[in-house]
Amino acid sequence: MTAQSAPQAPSPFASHALAGKRVLVTGGGSGLGRALAGHLVAHGADVHLWGRREGMLREAAQEAAAGRPGSVHVATVDIRRSDQVDEAMGAIWAEHGPLTSVFNNAGANFIARTEDLSPRAFEAVTSTIMDGSYFTSTAAARRWIADGLPGSILSNLTTWVWTGSAFVVPAAMAKAAVHAMTMSLAAEWARHRIRVNAVAPGPIPTDYAWAMLNPTDKSSSGATQTDRIPAGRTGTVAELAHLVIFLLSDACAYLTGQTIAMDGGQMLAGPGTFAELAKLTDADWAEIRAQSKAASAVSAAQRAVG
Ligand SMILES: CCCCCCC/C=C/C(=O)SCCNC(=O)CCNC(=O)[C@H](O)C(C)(C)COP(=O)(O)OP(=O)(O)OC[C@H]1O[C@@H](n2cnc3c(N)ncnc32)[C@H](O)[C@@H]1OP(=O)(O)O
Ligand SMILES: NC(=O)C1=CN([C@@H]2O[C@H](COP(=O)(O)OP(=O)(O)OC[C@H]3O[C@@H](n4cnc5c(N)ncnc54)[C@H](OP(=O)(O)O)[C@@H]3O)[C@@H](O)[C@H]2O)C=CC1
């Protein structure tokens, strides 16, 4: 199949679709979170970006706020630490006013044979995705409930919540846990006017994710191969942004408890996982581990916290 080029999809939403919204984006210093921030600002939202690398967050804020100076704020927060999350959430409420929305976007992942993973490796991934999403969601919701305010929680998942995926087992498990949190809290908190939803994008290549998920010339697999996607291309940040804007807007106040896939048909056609990596040799896995750990080390050296 030949790769299709992505359409230049203009936003279907008015520039004030998110006016009055104050949105927290975790993992906002890089990749999808960073790119999404500019779209949220362009539709009227004020945005808060959390991550562990201060320099990246500041650059991201400058980029996203270019059209509306003062609309983006940053904080270094390790979302695996409930104390840091609660303190940073309190600071938003005190210094800027209540959030209206949380986007649980921060994630951690790398491909590896499950039998090779140490307990610390398992925990590094699962605590970021599962604990981090829970700590952030509850820190916001406790305040909304106490203040009698409505709110919206959205999480960035993957289609592995339905299919699982070989070779990324901690991430697949943790994303599935957040999918369960989405359904559970939607029912529990609807009476507080708090909506809880999730998106499950197919591949939208970003620098760090691909350094973790496709680090060598042998590691390309169904999950990251464009030519295996029925739509013939990967998704775009603009397409993800349009779905997120809709879900965070007041246009769908009755929509809650849903995880919405947006993957060009990848999951339904079968190749959305890393199962094909079963063919790799010990030497291939050693190279993958060395390459992805090198990318992690570069990023860890940039952190202010965590
Ligand atoms: C169908 C759709 C297809 C595409 C779907 C895409 C889905 C989304 C994917 C993503 O989420 S990609 C996100 C990529 N971004 C990140 O992962 C950002 C955050 N990442 C990190 O912080 C690191 O990369 C980290 C390794 C995940 C964690 O770093 P941390 O500093 O907390 O831990 P370390 O001390 O470095 O390591 C802890 C532990 O883990 C072992 N380990 C680290 N890397 C590897 C590796 N590549 N292979 C095997 N093991 C690894 C490390 O050795 C430590 O264990 P011990 O040695 O101490 O036992
Ligand atoms: N790209 C893709 O194709 C897809 C991505 N996704 C999901 O989208 C999200 C973003 O991925 P992507 O942009 O590609 O990858 P990135 O690696 O660029 O984004 C992950 C972000 O999470 C932040 N983060 C990681 N650990 C922590 C922590 N403990 N505390 C605070 N922030 C943390 C990182 O910042 P820092 O290291 O500075 O803390 C980074 O900004 C992930 O949840 C991923 O699973 C889902 C489907 C497809």
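For the structure, check the block above.
Keep in mind it's a predicted model, so treat the numbers as computed, not measured.

### Re the site of ligand 1
S118, R120, S292, K293 and S296 are the nearest of the 26 residues found near ligand 1. One of the backbone nitrogen or oxygen atoms of N109 is found 3.0 Å away from an oxygen atom of ligand 1. Contacts to ligand 1 include S292, whose side-chain N or O atom sits 2.6 Å from a nitrogen atom. Of all the secondary structure elements, the ones that give two or more residues to the shell around ligand 1 are α4 (119-147), α7 (207-213) and α10 (282-300). Broken down by class, the residue content of the shell around ligand 1 amounts to 11 nonpolar, nine polar and six charged.

### Notes on the site of ligand 2
For ligand 2, the set of nearby residues contains 27 residues, the closest of which are S30, R52, N105, I204 and T206. At 2.9 Å, a side-chain N or O of N156 approaches an oxygen atom of ligand 2. Here an oxygen atom of ligand 2 sits 2.7 Å away from a polar atom, N or O, in the main chain of I204. The fraction of the free accessible surface of ligand 2 (870 Å²) that becomes covered by protein chains is 92%. Elements that contribute at least two residues to the shell around ligand 2 include exactly α1 (31-42) and α7. In terms of residue count, α7 provides more of the shell around ligand 2 than any other element does, three residues in total. For the shell around ligand 2, a count of residues per class yields 11 nonpolar, 11 polar and five charged.

### Quick notes on the nonpolar core
Counting residues in each nonpolar core, the largest one holds 45 residues, and the members touching the most others are W50, M89, L99, I111, W144 and F274. Of all the elements in the fold, those that place two or more residues in this core are α3 (82-95), α4, α5 (160-163), α6 (169-189), β6 (194-201), α7 and α10. Broken down by element, the residue count for this core peaks at eight residues, all from α6. In this structure, A60, F103, I245 and L247 belong to the second largest nonpolar core, which totals 28 residues.

What counts, and where the lines are drawn
Residues numbered from 1 in each chain as written. Chains lettered and ligands numbered in written order. Predicted model: local features only at pLDDT ≥ 70, side-chain atom pairs only at ≥ 80, totals over all residues. Heavy atoms only, no water. Near = heavy atom within 4 Å. Polar contact = N/O pair within 3.5 Å; in protein donor to acceptor, adjacent residues only side chain to side chain. Helix = DSSP H or I, 4+ residues; strand = E, 2+ residues; numbered from the N terminus. Nonpolar A, V, L, I, M, F, W, Y, C, P; charged D, E, K, R; others polar. Areas by Shrake-Rupley, 256 points an atom, 1.4 Å probe, with all protein chains shown as cover. Core = buried A, V, L, I, M, F, W, Y, C linked by side-chain atoms within 4.5 Å. Buried < 20%, exposed > 50% of the residue type's maximum accessible area, 1.4 Å probe, protein only.

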